[in-house]
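# Close look at the chain arrangement
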Amino acid sequence: MKQGAQGSAGWEAEQLRGAAAGRARVPRQAGAAGAFAASGEAGGAGGAGAVRGEHTHSEPAAPRVRPVVQRASVRGQILDALRAALVAGDLQPGEVYSAPVLGERFGVSATPVREAMQQLALEGAVEVVPNRGFRVVERGARELAELAEVRALIEVPVMLRLARTVPAERWAELRPLAEATVRAASSGCRATYAEADRGFHRAVLSLSGNGQLVQIAEDLHRRAQWPLVGGGPGVRGRAELVADAHEHTALLDALIARDLDVVRVLVGEHFSGAAGAG
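Residues numbered from 1 in each chain as written. Predicted model: local features only at pLDDT ≥ 70, side-chain atom pairs only at ≥ 80, totals over all residues. Heavy atoms only, no water.

Looking only at helices and strands, the protein chain features 12 helices and 3 strands. Counting every position in the protein chain, which comprises 278 residues, the buried fraction comes to 38%. A total of about 15,000 Å² of accessible surface is found on the protein chain, and carbon and sulfur atoms cover 56% of it. (Helix = DSSP H or I, 4+ residues; strand = E, 2+ residues; numbered from the N terminus. Buried < 20%, exposed > 50% of the residue type's maximum accessible area, 1.4 Å probe, protein only. Areas by Shrake-Rupley, 256 points an atom, 1.4 Å probe, with all protein chains shown as cover.)

Inspection of the secondary structure puts alanine 217 in helix α10 (residues 211-224). As a C-alpha pair, alanine 217 and arginine 198 span 19 residues in sequence and 9.5 Å in three-dimensional space.

Below, the discussion takes up the packing of helix α6 (residues 141-165) against α10. Interaxial distance between α6 and α10 falls to 10 Å at its minimum, and their mutual angle equals 150°. The pairing of α6 with α10 is recorded here as roughly antiparallel in orientation. Taken as a pair, α6 and α10 cross one another with a handedness that is left-handed. For the pair formed by α6 and α10, the contact residues are Glu143, Leu144, Leu147, Val150, Arg151, Ile154, Glu155 and Val158 on the first element and Leu213, Ile216, Ala217, Leu220, His221, Arg223 and Ala224 on the second. (Axes fitted to C-alpha atoms, helices over the stretch in contact; angles between N-to-C directions. Parallel < 35°, antiparallel > 145°, perpendicular 65-115°, else oblique. Left-handed = near helix turned anticlockwise from the far one by under 90°. Contact = heavy atoms within 4.5 Å.)

Turning our attention to the sheet that holds strand β3 (residues 133-136). The 3 strands are arranged β1-β3-β2 in an open sheet whose pairing can be described as antiparallel. The open sheet is flanked by β1 (96-97) and β2 (126-129), the only strands paired with a single partner. In this sheet, β3 lies alongside β2 in antiparallel orientation, the contact comprising 4 bridges. Pairing of valine 129 across the sheet is with glycine 133, part of β3. (Pairing = 2+ DSSP bridges.)

Here the focus is helix α11 (residues 238-257). Taking 1.5 Å per residue, 20 residues should reach 28 Å; α11 reaches 29 Å between its end C-alpha atoms and fits that length. Residues of α11 that are buried include every one of Leu241, Val242, Asp244, Ala245, His248, Thr249, Leu251, Leu252, Ala254 and Leu255, and no others. (Expected span 1.5 Å × (residues − 1).)

Turning our eyes to something else, we now look at the confidence of the model for the protein chain. Summing up the model confidence of the protein chain, the mean pLDDT is 77 and the portion of residues at 70 or higher is 69%. Contacts from residues 1-17, a stretch scored under 50 in pLDDT, to residues over four places away or in other chains number 0 contacts. Below a pLDDT of 50 lies the segment residues 59-69, which in the model reaches 11 contacts outside its immediate sequence neighbourhood of four places, other chains included. (pLDDT = per-residue confidence, 0-100.)

Here we come to unusual backbone geometry. We note that asparagine 131 has phi near 65°; this positive angle belongs to a residue other than glycine. Mapped onto the secondary structure, asparagine 131 falls in the loop between β2 and β3. A relative accessible area of 85% means that asparagine 131 is categorised as exposed. In this model, arginine 258 sits at a positive phi of 55°, which is unusual for a non-glycine residue. Relative to the helices and strands, arginine 258 resides in the loop between α11 and α12 (260-274).

Attention now moves to the pattern of salt bridges. Side-chain pairing between opposite charges can occur once the charged atoms of the two side chains come close. With the rule as written, the count across this model stands at 11 salt bridges. Arginine 83 is the salt-bridge partner of glutamate 123, the closest N and O atoms lying 2.3 Å from each other. Here arginine 83 lies in helix α3 (residues 66-88) and glutamate 123 lies in helix α5 (residues 110-123), a separation of 40 residues in the sequence. Residue glutamate 123 shares its accessibility class with arginine 83, and that shared class is buried. (Salt bridge = Lys/Arg side-chain N within 4 Å of Asp/Glu carboxyl O.)

Glancing now at the side chain of histidine 201. Position of histidine 201 among the secondary structure elements: in helix α9 (residues 190-206). A distance of 3.1 Å separates polar atoms of two side chains, one belonging to histidine 201 and the other to glutamate 155. The contacts of histidine 201, once residues within four sequence positions are left out, are Arg151, Glu155, Met159, His221, His248, His270 and Phe271. (Polar contact = N/O pair within 3.5 Å; in protein donor to acceptor, adjacent residues only side chain to side chain.)

Two elements in contact, α9 and α11, have axes separated by 11 Å at closest approach and are oriented at 15°. As judged from the angle between their axes, α9 and α11 are roughly parallel. For the pair α9 and α11, the sense of crossing is left-handed. Here Arg190, Tyr193, Asp197, Phe200 and His201 of α9 come into contact with α11, specifically with Leu241, Asp244, Ala245 and His248. For the contact of α9 with α11, the residue count by class is 4 nonpolar, 2 polar and 3 charged. (Nonpolar A, V, L, I, M, F, W, Y, C, P; charged D, E, K, R; others polar.)

Let us now look at the pairing of β3. Relative to β3, β1 is paired through 2 bridges, and the arrangement is antiparallel. The partner of tyrosine 97 across the bridge, within β3, is phenylalanine 134.

Attention now moves to the nonpolar core. Core analysis: the largest hydrophobic core is formed by 25 residues, its most contacted members being Trp171, Leu251, Val263 and Val267. When contributions to this core are tallied by element, the ones reaching two or more residues are α6, α9, α10, α11 and α12. At 6 residues, the largest contribution of residues to this core is made by α6. Not counting chain neighbours up to four residues away, the residues in contact with valine 267 comprise Val156, Met159 and Leu251. (Core = buried A, V, L, I, M, F, W, Y, C linked by side-chain atoms within 4.5 Å.)

If you want it as structure tokens, here you go:
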């Protein structure tokens, strides 16, 4: 029995050494650099640890999902960063930007940048330039006015209908979002205000219960926030942003008070102003 126990112990030790050697041969994959590395590495490391901890000798190795999850996470962050750069004017209309150069700027590889730029191309913000990169689309005041008109055709009737049906307490729940637009406008950062502005409009339209309408309206709103060629009326200063934000709080006050006449005037003015500003 003693000899059998020693043999069993030796066999188990050999198995453990073999498993350890197998793990040592698995290469560690590097995460993205800069601010994107922290989130990618944290999520990836947790996933890899879970696979090693749950694997047994009688089970097939689980597929390694870390690279896919990490790339999607980085791509999403890069897409948000590029959208903000568009609104802020850091990416100039008419200029061509390559994925490797932008990758160096953000501290990541060219792959997530290229994927994010392809998404922006689908949205109409940039166009592909073969063998060079992506050109930021040049837009004029006429396109901005057209976008404002389409937004008004979609959003104004919905807002007026909601003004008649949504109870005051539901409108009151949107107060923090309206106030957030004022704070964002006061910062003078167009990208920060653009995000808060879309958030308020999205919350209002969400009360309709029509997800397709919300998605289409937000896409139009985002496109209306892109810069115009050479600046123009689409580039607003802090004072213009603050005035636009205060229209949100005034509209919310009228909706809570169920003052339909004031709501109609404010909504009309808000989209008329959007024709000359993102």
